[in-house]
Amino acid sequence: MHLVDDSESQPIASEAELVGYFHGAGKPAARWRVGSEHELIGVVAGGPELGAAPAYDGPAGIGALMAFFATRGWAPVREAAGGADAPIIALTRGDAQITLEPGGQFELAAAPVDDDRQFADDLAAHVATLAEASRELGLAWLATGVRPEGELASIPWMPKQRYAVMRAYMPGVGTRGLDMMQRTATVQTNLDYADEADAAAKMRGLMSVTSILTALWASSPIVGGVDTGRQSHRAWIWRDTDRARAGLLPLAFEGDDLFERYTAWALDVPMYFVYRGGYQPAGGITFRQFLRQGFRDHHATHADWALHLSTLFPEARLKRFIEVRGCDCGSLGMIAALGPMARGLLYDATALAEATALTAGLSAHERETLADVVPERGLATPVGRHTVGDLARELVAIAADGLGRIAPASRGLLAPVEAIATSGRTQADELRDAWHAAGDDRRARLRALAHPELAPTLG
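Residues numbered from 1 in each chain as written. Predicted model: local features only at pLDDT ≥ 70, side-chain atom pairs only at ≥ 80, totals over all residues. Heavy atoms only, no water.

### What to know about the overall build of the protein
And then number 1: Within the protein, the regular secondary structure consists of 17 helices and 17 strands.
And then number 2: For a compact globule of 459 residues, the expected C-alpha radius of gyration is about 23 Å, and the protein comes in at 21 Å, within 12% of that figure.
And then number 3: Based on the C-alpha atoms only, the size of the protein along its principal axes is roughly 60 × 55 × 40 Å.
And then number 4: For the protein, buried positions account for 58% of its 459 residues.
And then number 5: When contacts within the protein are restricted to residue pairs at least 6 apart in sequence, those whose partners lie at least 24 apart make up 73%.
And then number 6: Counting every atom, the protein has about 17400 Å² of accessible surface; 52% of that belongs to carbon and sulfur. (Helix = DSSP H or I, 4+ residues; strand = E, 2+ residues; numbered from the N terminus. Rg over C-alpha atoms; globule rule 2.2 N^0.38 Å. Buried < 20%, exposed > 50% of the residue type's maximum accessible area, 1.4 Å probe, protein only. Contact = heavy atoms within 4.5 Å. Areas by Shrake-Rupley, 256 points an atom, 1.4 Å probe, with all protein chains shown as cover.)

### Let's talk about the pattern of salt bridges
And then number 1: The final tally for this structure, using the stated rule, is 30 salt bridges.
And then number 2: A salt bridge links Asp192 to Lys27; its shortest N-O distance comes to 3.4 Å. One end of the pair, Asp192, is in the loop between strand S7 (186–191) and helix H6 (196–216); the other, Lys27, is in the loop between helix H1 (15–23) and strand S1 (34–44), with 165 residues separating them in the sequence.
And then number 3: Of the residues examined, Asp192 reaches a relative accessible area of 8% and is grouped as buried.
And then number 4: One salt bridge in this structure joins Asp372 and Arg243, with 3.9 Å as the shortest N-O distance. Taken together, the residues span a long stretch of sequence, with Asp372 in helix H13 (residues 364–377) and Arg243 in the loop between helix H7 (233–238) and strand S10 (246–247) at a distance of 129 residues.
And then number 5: Residue Asp372 is classed as partly exposed on the basis of its relative accessible area of 35%.
And then number 6: One network of salt bridges, in which partners are shared, links Glu15, Asp268, Arg288 and Arg292. (Salt bridge = Lys/Arg side-chain N within 4 Å of Asp/Glu carboxyl O.)

### Concerning H1
Structurally, the α-helix is built with 3.6 residues per turn, so residues lying three or four positions apart point the same way.
And then number 1: Those residues of H1 lying buried are Leu18, Val19, Tyr21 and Phe22. Axial view of H1: buried residues confined to an arc of 140°, hence all on one face.
And then number 2: Tucked into the core, H1 has its buried residues touching helix H8 (258–267), helix H9 (287–293), helix H10 (302–309) and strand S14 (316–318). (Arc of directions from axis to C-beta.)

### Comments concerning the state of the cysteines
And then number 1: Following the criterion strictly, the structure yields zero disulfides and no others.
And then number 2: A disulfide-free cysteine, Cys327 has its sulfur positioned 10 Å from the sulfur of Cys329, the nearest such atom. (Disulfide = S-S within 2.5 Å.)

### Topic: the environment of Ala111
And then number 1: Among the secondary structure elements, Ala111 is positioned in the loop between strand S5 (106–109) and helix H3 (116–137).
And then number 2: Expressed as a C-alpha distance, the spacing of Ala111 and Arg343, which sit 232 residues apart in the sequence, is 15 Å.
And then number 3: Ignoring any residue separated from it by four or fewer positions in sequence, one finds Ala111 in contact with Asp95 and Ala96.

### Considering the packing of aromatic side chains
And then number 1: Per the counting criterion, the structure on display carries 17 aromatic pairs.
And then number 2: Ring pairing ties together the aromatic residues Tyr21, Phe22, Tyr193, Phe259, Tyr262 and Trp265, which thus form one cluster.
And then number 3: Looking at Arg72, its charged tip hangs above the ring of Phe68, at a distance of 4.2 Å from the centre.
And then number 4: Note that Arg176 overlies the ring of Trp236, its terminal NZ or CZ placed 3.6 Å from the centroid. (Phe/Tyr/Trp six-rings, centres within 6.5 Å; stacked < 30°, edge-to-face > 60°. Lys NZ or Arg CZ within 6 Å of the ring centre and 35° of its normal.)

### As for the nonpolar core
Where a protein is soluble and globular, its nonpolar side chains tend to be buried together.
And then number 1: With 125 residues, the main nonpolar core has Leu216, Trp217, Tyr262, Trp305 and Met341 as its most contacted residues.
And then number 2: Setting aside anything within four residues of it in sequence, one finds Leu216 in contact with Met334, Met341, Leu379, Ala392, Val396, Val417, Ile420 and Ala421.
And then number 3: Counting residues in each nonpolar core, the second largest holds 18 residues, with Tyr163, Met180, Val223 and Phe273 among its members. (Core = buried A, V, L, I, M, F, W, Y, C linked by side-chain atoms within 4.5 Å.)

### Considerations on the confidence of the model for the protein
And then number 1: With 98% of its residues at a pLDDT of 70 or more, the protein shows a mean pLDDT of 96.
And then number 2: Across residues 1–6 the pLDDT falls below 50, and counting only partners more than four positions away or on other chains, this stretch makes nine contacts in the model. (pLDDT = per-residue confidence, 0-100.)

### Some points on helix H4 (residues 161–169)
And then number 1: If you check which residues of H4 are buried, you get Arg162, Tyr163, Val165, Met166 and Tyr169. The buried residues of H4 occupy an angular sector of 160° when the element is viewed end-on, so they sit on one face.
And then number 2: In this structure, the buried residues of H4 make contact with strand S4 (96–100), helix H5 (177–183), strand S11 (273–275), strand S12 (279–281), H10 and strand S13 (313–314).

### Thoughts on the pairing of strand S3 (residues 88–93)
And then number 1: Sheet topology note: the strand S2 (residues 75–78)/S3 ladder contains four bridges and is antiparallel. Within the sheet, the bridge partner assigned to Arg78 lies in S3 and is Ile88.
And then number 2: In this sheet, S4 lies alongside S3 in antiparallel orientation, the contact comprising four bridges. Residue pairing for S4: Ala90 is matched across the bridge by Thr99.
And then number 3: Linking S3 to S4, which pair antiparallel, is a turn of two residues; within it Gly94 sits at a positive phi near 60°. (Pairing = 2+ DSSP bridges.)

### Considerations on unusual backbone geometry
And then number 1: Phi is positive for Arg296, close to 50°, though the residue is something other than glycine.
And then number 2: Its location among the elements puts Arg296 in the loop between H9 and H10.
And then number 3: Even without glycine at this site, Asp297 takes up a positive phi of about 70°.
And then number 4: Judged by relative accessible area, which is 78%, Asp297 ranks as exposed.

### Looking at the packing of H6 against helix H11 (residues 332–346)
Relative placement of two packed helices is described by the angle separating their axes and the distance separating the axes.
And then number 1: Relative to each other, H6 and H11 sit at 145°, their axes nearing to 12 Å. Handedness of the H6/H11 crossing: right-handed. Contacts between H6 and H11 involve Lys202, Leu206, Leu213 and Leu216 from the former and Met334, Met341 and Leu346 from the latter.
And then number 2: Residue classes in the contact of H6 with H11 are distributed as six nonpolar, no polar and one charged. (Axes fitted to C-alpha atoms, helices over the stretch in contact; angles between N-to-C directions. Left-handed = near helix turned anticlockwise from the far one by under 90°. Nonpolar A, V, L, I, M, F, W, Y, C, P; charged D, E, K, R; others polar.)

### As for the packing of helix H2 (residues 62–70) against H3
And then number 1: Orientation of H2 relative to H3, taken along the N-to-C sense of each, is 130°, at an axis distance of 10 Å. When the axes of H2 and H3 are compared, the pair comes out oblique. Relative to H3, the crossing made by H2 is right-handed. Contact with H2, carried on its side by Ala64, Leu65, Phe68 and Phe69, involves His126, Thr129, Leu130, Glu132, Ala133, Glu136 and Leu137 of H3 and no other residues of that element.
And then number 2: In the contact of H2 with H3, the residues fall into seven nonpolar, two polar and two charged. (Parallel < 35°, antiparallel > 145°, perpendicular 65-115°, else oblique.)

This is the structure in C-alpha cells:
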C-alpha cells in the first residue's frame, strides 16, 4: 500500500506543483522498467454454493486467503481506521502488492522488472501459492474479464471503506458502475517515461491503439449465466461507468504539453472522497475546488492529489508512470504477454511511431465509435476499409519488431497474442465455445472458464 511521507502531507501551494508531480517522475531510458498487475475472479468450487462469489468472512473466504498469503512471506495491511483487529485488505512483499477489488477480485501488482521473463517467473510462483491456498479453501479462479455467473446483488462486498463511498457514488454518474466494481477483472501494465514529450508520445500511442488491445485481449463473453454475444463485456461496462473519469482522452492528441493538459483535466473531475484517517465523501466537489476552497477545514495535500489520480480511469492513465488499462484478464499466457507487448510498442521509438500511425487518420468521433463497437464485435469491428483484426496483425508485428531491437529475449512471450492475431480467434471465442459445449453441467461450465492451474477442485 502507498504510505504517505512528510512531503506528501504538505499542503499544495499552487497548481504548478501538481504539474511538477509528473515532471519529477521522469527517468532515463536505462532505468525504464515494466510493471504488470492483474485481477482474478474467484468462485466457490464445490458444495451447494458451487460457482458463487466467495465472501470475505468465513473459513473459506477471501479473508482466509489473505491470511494464507500472510503465512507465506507477505506482510498484511489493514484499514488504518480499524486498528489492529481490522480485516486484512492488502499484502506487501518488497515492491509487490496483493490487493482486493470490491467484489473480491484478487489482484497481484507484481514488482516492476527489467526483463519480462522475470515477471513470467514471478507470475508462475504466485499462481503456485494461489493454487495451494485454493485447494485448502475450496476455491477456483476464472480466466475471464467478467464474473460469468450470479446476479450483481449476490456478490459480497469487500470490507474496504473507500468502496463504500464509491458504491454510493456510482449510480449517480452511469448505469454500469457497480458492475465495473464487482464483476470485472483486468490485466494492466505500467511503463516509465523520460520527460513530458516522451510521456505525451506514449499516451498518444496508447490512446491510438487501446481499442485494438481490447479486441486482442477480449475474454468476457458470458455474464449472469448468459452468452452476451459480446467479445468484451468488461469493456462494454466501462463505456457507461463514469464518462467524467473514464474512456478516451482527446487531450492526448492535442499537443506535447501533456502534464499541464492532464492536470487541468484531473482538476475538474469530481472527487470521490478526502482521506483524513478515514474516507470522507467529497460531495462531488472537484479537486480544483478543493485546492482553492478546502473541504471541511482540510486543505489539499500532495497525498490528496496522488489519491485523486488513482480514482481516474481513462484507457491510459498518467501517474508517476503510465498505465495500460484496456484489456480483459484472461489466460496466464495473455497476462504475461501484455508487459512485453507494451514494452515493444512504447520503449522502442520506431515501434511507437508505427503504432501511432495505424489509426492516425481517425477523428475523435471515429475513435469514440470504435471504442463503442469493439466490445461487441472485437477483431471484426470495421475501421474504414479494414477491420480491427487487420490492424491487430500489424500491431503485434510492430511490437515483435520493437522487442527484437530492444529486448529480444522477451519475444517468445508474445506467442499467445500472435496466435490470436493470426487466427482471428480470441479468448472470448474459445471460452464461449467451451462454455456452450459444457451444456447444462454447471461444474463443467466453470471448468471451461477456469484457469486449469487454479481450479484444483473442479476436476
